[in-house]
Amino acid sequence: MNKITPESIQKFEFYSIFINNIFLLIGVSLLGWTLFETLFLVWLELISAIVVLIYLKIIIPLKYGRPGYQHLPEFRTPALKVIGISIYTLILHYFALIFIIRLGQVDTWDTSSGVLQTLAQMPLQLWNSSLLLLTVVFLLAYLLPPFILERRGIRPSIETMPLQTKIMIHPSQFIAHYLWFLLLWATHHFLSISSPILLMTILMVAKSIYETLLFYRIKSTFFI
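Residues numbered from 1 in each chain as written. Predicted model: local features only at pLDDT ≥ 70, side-chain atom pairs only at ≥ 80, totals over all residues. Heavy atoms only, no water.

Novice: Describe the overall build of the protein, with residues and values.
Specialist: In terms of helices and strands, the protein carries nine helices and zero strands. Written out in order from the N terminus, the α and β elements of the protein read α-α-α-α-α-α-α-α-α. Taking 2.2 N^0.38 as the reference for a compact globule, 224 residues should give roughly 17 Å; the C-alpha atoms of the protein span a radius of gyration of 19 Å, in line with that estimate. Across its three principal axes, the protein shows a C-alpha extent of roughly 55 × 50 × 30 Å. Intrachain contacts of the protein at a sequence separation of at least 6 include 72% that bridge at least 24 residues. As displayed, the protein has an accessible area near 12,800 Å², and 68% of this comes from carbon and sulfur atoms. Averaging the locations of the 15 positively and 10 negatively charged side chains of the protein gives two centres separated by 11 Å. (Helix = DSSP H or I, 4+ residues; strand = E, 2+ residues; numbered from the N terminus. Rg over C-alpha atoms; globule rule 2.2 N^0.38 Å. Contact = heavy atoms within 4.5 Å. Areas by Shrake-Rupley, 256 points an atom, 1.4 Å probe, with all protein chains shown as cover. Lys, Arg positive; Asp, Glu negative; His and termini not counted. Charge placed at Lys NZ, Arg CZ, Asp CG, Glu CD.)

Novice: Give a detailed account of the side chain of Thr165, specifying residues and quantitative values.
Specialist: Assignment of secondary structure puts Thr165 in helix α7 (residues 163–168). Ignoring anything within four residues of it in the chain, the contact list for Thr165 reads Val52 and Tyr142.

Novice: Give me the pattern of salt bridges: which residues, what numbers.
Specialist: For the structure shown, the criterion picks out three salt bridges. Here Glu150 makes a salt bridge to Lys63, at a shortest N to O gap of 2.8 Å. Placement of Glu150 in helix α6 (residues 132–151) and of Lys63 in helix α2 (residues 35–64) is noted, with a sequence separation of 87 residues between them. Classification of Glu150 as buried rests on a relative accessible area of 15%. If you follow the salt bridges from partner to partner, you end up with Glu45, Lys207 and Glu211 in one network. (Salt bridge = Lys/Arg side-chain N within 4 Å of Asp/Glu carboxyl O. Buried < 20%, exposed > 50% of the residue type's maximum accessible area, 1.4 Å probe, protein only.)

Novice: Explain the packing of α2 against helix α8 (residues 173–191) to me, using residue names and the numbers behind them.
Specialist: Contact geometry for α2 and α8: axes closest at 11 Å, N-to-C directions at 165°. Looking at the two axes, α2 sits roughly antiparallel to α8. α8 is crossed by α2, and the crossing has left-handed handedness. Together, Leu39, Val42, Trp43, Glu45, Leu46, Ala49, Ile50 and Leu53 of α2 and Gln173, Phe174, His177, Tyr178, Phe181 and Leu184 of α8 make up the contact between the two elements. (Axes fitted to C-alpha atoms, helices over the stretch in contact; angles between N-to-C directions. Parallel < 35°, antiparallel > 145°, perpendicular 65-115°, else oblique. Left-handed = near helix turned anticlockwise from the far one by under 90°.)

Novice: Lay out unusual backbone geometry with the relevant residues and their values.
Specialist: With a phi angle near 55°, Gln105 is a residue other than glycine that sits in the positive phi range. The topology assignment puts Gln105 in the loop between α3 (73–103) and α4 (115–120). Looking at Gln105, the relative accessible area reads 63%, which means it is exposed. Positive phi, close to 55°, is recorded for Ser192, a residue that is not glycine. Its place among the elements puts Ser192 in the loop between α8 and α9 (196–218).

Novice: I'd like a rundown of the confidence of the model for the protein, residues and numbers included.
Specialist: Averaged over every residue, the pLDDT of the protein is 87; residues scoring 70 or more account for 91%. Helix α1 (residues 6–29) is the least confidently modelled element of the protein, averaging 78 in pLDDT, while α8 averages 95, the highest of any element. (pLDDT = per-residue confidence, 0-100.)

Here it is as structure tokens:
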């Protein structure tokens, strides 16, 4: 019987990068997913990263910290950092959402009535695209590792997260994601490429190369 070793776990985490990206490509090419549905799952990754960071850097320290801990710099500095990243991400993610709605040609989603009206339509649009349940599952899946650690009596932290979660919440992701959307915009605008399969292939190749480099970079690096 094969033994589970740290090396075998790391190999699995490494190949899971490609499995996730190939799954998205299969979705748009073979499973009938629309370009919007596939890009929305990519869009959702940073939202999941924000949820995990808030849980690890704000909720967990308050939950396990001593009385008055919230006033100490060792809590406030990381917490303010996460809040700042969250605000930055939510602002840029709104524009990214508008982009994928238009690129994906979701004609039933009116984006001309302002921010609140656009976002208010999201639950119905996700329901119509069969993405609402998948969105909830997607968000909960990344919170599962810290929940499991807590049940085992271990305080969750970034160091104890799976490598794939560390890749997702790495600070450079909050730049890379928007570069990917810019790549799609440039490809569509300047090269007049509108094929969902071709656009997703370009995105998945760029995403896989970046995440492979990031995998080797953060294997032994603590970054937040």
